[in-house]
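Residue-level listing of the chains:
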Amino acid sequence: MSDYDTFDDRFGSLIIGSAALERLWTGGRWVEGPVYVPAAKAVLWSDIPEDRLMRYDETSGAVSVFEHPCGYHNGHTLDAFGRVVACEHGGRRISRLGFNGRWETVVDRFDGKRLNSPNDVVVKSDGSLWFSDPSYGIDSDYEGHAADSEIGACNVYRHDPLTGETTAVVIGIDRPNGLAFSPDERILYVSDTSLSDTPAIHAFSVADDGRTLGKDRVFAIAEAGFFDGFRLDRAGNLWTSGGDGVRVYASDGTLLGRINIPETVSNLCFGGPKRNRLYITATSSLYAVFVRAVPADRP
Ligand code: MG
């Protein structure tokens, strides 16, 4: 099987046909939430059921356990200061790795109630954190600690670290999961990994105030499994996990092509000194492939 399937000629300008997919590490149980940390020349990612945070050293190729137990981390990103921001199922919070090396709480409540289990997070250019809060980390003890939802809904929130204010920006998506902004931050993409609704990526227009969302449209419907996590490249193409590999969609919703991955993909991020290496978490393994595309400046 080829590493690539092309459905639209534009795909050829985004990949390097001669660049082969590499499996960098395997041995996880369900891996997720990769983030490239430029200052460390490393990739961090979660192995959720094993309650550990893994680290790939880009210089030596060594893989080690960065932290265990870690509070059942899921998604990660970087803030404007280069600090790692984490979604924790166990702590039911968004946390941040401080300059002192300790994890500190950014937000763990909405309206006085504990969050469910934050899944994925992105930082907007104004410093606000936008995150999804489905129930996967409290549904059972497998990926966190079984508990009832205090909020009683799975929402997407915006948290302003300057004011401490947290607002629900997406209500009514069954299981909001991955999320990312378009390069101009005029669109917020949110995936729904619902079993009862159609799994899809929704596109919300961002209002002129930059803090609230307007119209919702279905951007892409999952044809194989789910869309979990995704990232945008500088041209606005969306690179997403799918049941059959990494799928790349143009901003108009056209499926351009697919990178075939031998395991079910959960998430991905751009990394490397030139940001042209795609790191992919898939079931038990970390994969990488060099591409022609580069990401939007936001991590
Ligand atoms: Mg996810």
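As the structure is a prediction and not an experimental result, all values here were calculated from the model. (Residues numbered from 1 in each chain as written. Predicted model: local features only at pLDDT ≥ 70, side-chain atom pairs only at ≥ 80, totals over all residues. Heavy atoms only, no water.)

A. Layout of the coordination of the magnesium ion. Only Glu 32 (OE), Asn 119 (OD1), Asn 177 (OD1) and Asp 228 (OD) from the protein coordinate the magnesium ion, and they sit 2.2 to 2.8 Å from it. The sequence pattern describing where the donors of the magnesium ion fall on their chain is E-x86-N-x57-N-x50-D. Residue Glu 32 is found in strand E3 (residues 31-37), and its partner Asn 177 is found in strand E17 (residues 176-181); the two are separated by 145 residues along the sequence. We note that Glu 32, like Asn 177, is buried. (Donors = N, O, S within 2.8 Å, 3.2 Å for Na, K, Ca; no water. Helix = DSSP H or I, 4+ residues; strand = E, 2+ residues; numbered from the N terminus. Buried < 20%, exposed > 50% of the residue type's maximum accessible area, 1.4 Å probe, protein only.)

B. Focus on the environment of Ile 187. For Ile 187, the position within the fold is in strand E18 (residues 187-192). Classification of Ile 187 by relative accessible area gives partly exposed; the value is 22%. As for Ile 187 and Gly 243, which are separated by 56 residues in sequence, their C-alpha atoms are 24 Å apart. Among all residues touching Ile 187, those that are not within four sequence positions of it are Ala 180, Phe 181, Ser 182, Ala 203, Phe 204, Val 206 and Arg 217. (Contact = heavy atoms within 4.5 Å.)

C. Spatial organisation of the pattern of salt bridges. Overall, the coordinates contain 18 salt bridges when judged by the stated rule. Where Arg 10 meets Asp 252, a salt bridge forms, and the shortest distance between an N and an O atom there is 3.7 Å. Within this pair, whereas Arg 10 is found in the loop between strand E1 (4-6) and strand E2 (22-26), its partner Asp 252 is found in the loop between strand E23 (245-249) and strand E24 (255-259), the two being separated by 242 residues in sequence. By relative accessible area, Arg 10 is classed as partly exposed at 39%. We note a salt bridge from Asp 208 to Arg 186, for which the minimum N-O separation is 2.8 Å. Placement of the pair is Asp 208 in the loop between strand E19 (200-206) and strand E20 (213-221) and Arg 186 in the loop between E17 and E18, with a sequence separation of 22 residues. By relative accessible area, which is 42% here, Arg 186 ends up partly exposed. Taken together, the shared-partner salt bridges in this structure form one network comprising Asp 5, Glu 223, Asp 244, Arg 247 and Arg 258. (Salt bridge = Lys/Arg side-chain N within 4 Å of Asp/Glu carboxyl O.)

D. Here's a closer look at the environment of Val 43. Inspection of the secondary structure assignment puts Val 43 in strand E4 (residues 42-47). A relative accessible area of 0% means that Val 43 is categorised as buried. In this structure, the C-alpha to C-alpha distance between Val 43 and Gly 214, residues 171 residues apart in sequence, is 34 Å. Other than its neighbours up to four places away in sequence, Val 43 contacts Pro 34, Val 35, Tyr 36, Met 54, Arg 55, Tyr 56 and Tyr 279.

In short, shape yes, function no, at least from these values alone.
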